[in-house]
Amino acid sequence: MRMQTITIQPILEREAVDWLQAFQESPKSRLFYEETAKKVSFSRIAVRILGTPLETDEYFNSLFTLAQQPNIHILSEELNKHIDPKDFQALQDILAQHQKTPKGLSINRLIAMMYGHQLLPKHDDGSMNRHLQLATIRVVEQFQQQQSLGLLANDFRRFLIDLVKWLKNHWIQWTKEMKATDDFPKVVWYGEMTMSQRYFLLLLMELGCDVLIFHPSKVDEFAEIDATDAVSVSYSYAHETMLQPFPDKLRDRQATVGYRSSQHFDQLMNNHQSGVYKAWQLQSLMPRPLTLRMTYDDIFIYAKEKAMVRPNFEVLSKEVVIPVIFAKVSGVSTNREEYWQWMDLLVEHSQAIFVQEFPYMKGSKANFHFHYQHCLVDGELSIQRIMQSDWWQYGSYTMELQQAIAYTMKSVCEQPIVKQESNETLYDLQLFLFKYMTMIPDEILRLLQNFDYAQDIPKLVLYQAPQQPALSREDTALLAFLNRFGVDIVFYNPTGQLDLEKYLLDDRFDVHRLEQMVFDLQYEKPALSKPSPDRSIKKIFNRFFN
């Protein structure tokens, strides 16, 4: 007895306000879902997400979280471009016949030939087979309408070959045993796409898949084949950032909230009460920084806080997570007196070093290739070999500090935040960083020796006076090391000119642009008393609640 064919009718959901939540839900739990003996209709999600929210870390962490869900396919990252030689030859034969026909083969004839040569994959369910054929016809028709030469366009061959291999490599792998009433696959695409990839995503939408297309730079390539939002809708954030590789781990950055609610004060107090540590209790652990994303006002609030009461301070089995400040203050406040007072609050901290002369690090022409190679074990830097090297100049410090320095050196080299120069290989950059981490100034080492990880966080405050020698790349190698070690870094440049930006990756520090750019401002020690903490907190509350 022949089973009755079920018609499958996916309908675009145009009012998905919370598109991310809707995407992760089953279509059966959405507002529109109908199932009868002859037909199943359901709403599908297809959104082009352009740009990023203000907190880009949350954006990339959301992508990473999606990738961890077994029912979500990150197609842009797992696209399989293999095609069976027999399929390729069959396609070549069909395309040759298509080219010989004066106006080309009709779409129905073309699809029939592909089905006959088993170029369209077959499902166990007859309704799914019919649904795939009809959806493929619609997509080929759209290609024909949108290309000036129709199916005789040069791109048609590439389009058809890619369509066949991705249907076999992906679609049928996801849906081989699927029934018409089952949930259709959920697909994420991130970044750029070719013409063939656009049309394959279109086919997945026509089939009923939920599809999210992300581009952090607001490049809307899919709109080239869906200019009227016929099969998808767009969602645009106010902000954008450059296209980066798809995240392979959660980002270790946490945004502060600027003391915007009493609940935040309560949380800080609770953390303070529960986080009781003896002096030097955590020194056997390795420092692991978490760079806080914060406002300009936040700097001066959190600068006074001990590590253990800052947001997301955490003690792990082998590491201690230290929330740190890494910020550049670009320009000068219109209230000059307040500008100097806030800076002085940092400079006068008991665990602070103030730097006004650059370059701070001494340059060196020494070649560290041999030293670096000596410290490698199975291709990775060995902490023990670093500490046992002849050049190791930190042997007079405590064993805990030596281990922490070597551990941080390894981390900085393996995950550099200093940019590669145009003529520099990654290995060259690692040698550069390694060399200057063997030359840490004595006053910095004394600062680190006094660093009790749960208590006051050491600070490096830098002031780039106008018309003075600039911060060097060697200086930023030291800054990269100190940031990884868990030291607060605040860099002042009243001119607003580029310095850190030239040498460090953009997302590793905050830039706070003040009202005026000044080119003749030398450092001034404030004569008046420091601003009160109450005043700074009231200022932030006024900003959020008034």
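Scroll up to find the structure.
Residues numbered from 1 in each chain as written. Predicted model: local features only at pLDDT ≥ 70, side-chain atom pairs only at ≥ 80, totals over all residues. Heavy atoms only, no water.

## Regarding the sheet that holds strand S6 (residues 186–190)
1) Next: With parallel pairing, the 5 strands of this open sheet are ordered in space as S5-S6-S7-S4-S8. Edge positions in the sheet fall to strand S5 (72–74) and strand S8 (233–236), since each of these pairs with one other strand and no more. Each strand axis lies, on average, 20° off the axis of its neighbour in the sheet, ignoring direction.
2) Next: Pairing analysis gives 3 bridges linking S5 to S6, with the strands arranged parallel. In the sheet register, Ile72 faces S6, and the bridge partner there is Lys186. (Pairing = 2+ DSSP bridges. Helix = DSSP H or I, 4+ residues; strand = E, 2+ residues; numbered from the N terminus. Axes fitted to C-alpha atoms, helices over the stretch in contact; angles between N-to-C directions.)

## With respect to the sheet that holds strand S14 (residues 352–355)
1) Next: Strand order in the open sheet formed by 5 strands is S14-S17-S18-S13-S19, and the pairing between neighbours is parallel. The strands lining the two open edges of the sheet, one partner per strand, are S14 and strand S19 (510–513). When strand polarity is set aside, the average angle formed by the axes of neighbouring strands in this sheet is 15°.
2) Next: With 4 bridges connecting them, S14 and strand S17 (residues 459–463) associate as parallel partners. Residue pairing for S17: Ile353 is matched across the bridge by Leu460.

## Overview of helix H14 (residues 399–414)
1) Next: Taking 1.5 Å per residue, 16 residues should reach 22 Å; H14 reaches 23 Å between its end C-alpha atoms and fits that length.
2) Next: Every buried residue of H14 is listed here: Leu401, Gln402, Ala404, Ile405, Ala406, Thr408, Met409, Lys410, Ser411, Val412 and Cys413. (Expected span 1.5 Å × (residues − 1). Buried < 20%, exposed > 50% of the residue type's maximum accessible area, 1.4 Å probe, protein only.)

## Topic: the packing of aromatic side chains
1) Next: Tallying each qualifying case throughout the model produces 36 aromatic pairs.
2) Next: Here Phe451 and Tyr453 contribute two aromatic rings whose centre-to-centre distance is 5.1 Å and whose plane-to-plane angle is 85°, an arrangement assigned as edge-to-face. Judged on exposure class, the residue Phe451 and its partner Tyr453 are both buried.
3) Next: Each residue in the set Phe368, Tyr372, Trp391, Trp392, Tyr394, Tyr427 and Phe434 is aromatic and connected to the rest through ring pairs, giving one cluster.
4) Next: In this structure, Lys186 packs its charged tip against the face of Phe23, placed 5.7 Å from the ring centre.
5) Next: Its end group placed over the ring of Phe432, Arg473 keeps NZ or CZ at 4.5 Å from the ring centre. (Phe/Tyr/Trp six-rings, centres within 6.5 Å; stacked < 30°, edge-to-face > 60°. Lys NZ or Arg CZ within 6 Å of the ring centre and 35° of its normal.)

## Some remarks on the pattern of salt bridges
Any two side chains of opposite charge can pair, on the condition that their charged atoms come close.
1) Next: For the structure on display, the rule yields 31 salt bridges.
2) Next: With its nearest N and O atoms 3.0 Å apart, the salt bridge here joins Arg293 to Asp57. Separated by 236 residues along the polypeptide, Arg293 in strand S10 (residues 286–293) and Asp57 in helix H2 (residues 56–67) bring together distant segments of the chain.
3) Next: Look at Arg293 and you get buried, because its relative accessible area is 16%.
4) Next: Between Lys306 and Asp456 there is a salt bridge, and its shortest N-O distance comes to 3.4 Å. One end of the pair, Lys306, is in the loop between helix H10 (296–302) and strand S11 (314–315); the other, Asp456, is in the loop between helix H16 (442–449) and S17, with 150 residues separating them in the sequence.
5) Next: On the basis of relative accessibility, which here comes to 29%, the residue Lys306 falls in the partly exposed class.
6) Next: A relative accessible area of 24% means that Asp456 is categorised as partly exposed.
7) Next: Each of Glu55, Asp57, Arg251, Arg293, Asp507, Arg508 and Asp510 takes part in salt bridges that share partners, so that together they form one network. (Salt bridge = Lys/Arg side-chain N within 4 Å of Asp/Glu carboxyl O.)

In short, the description is geometric, and any link to function would need to be established separately.
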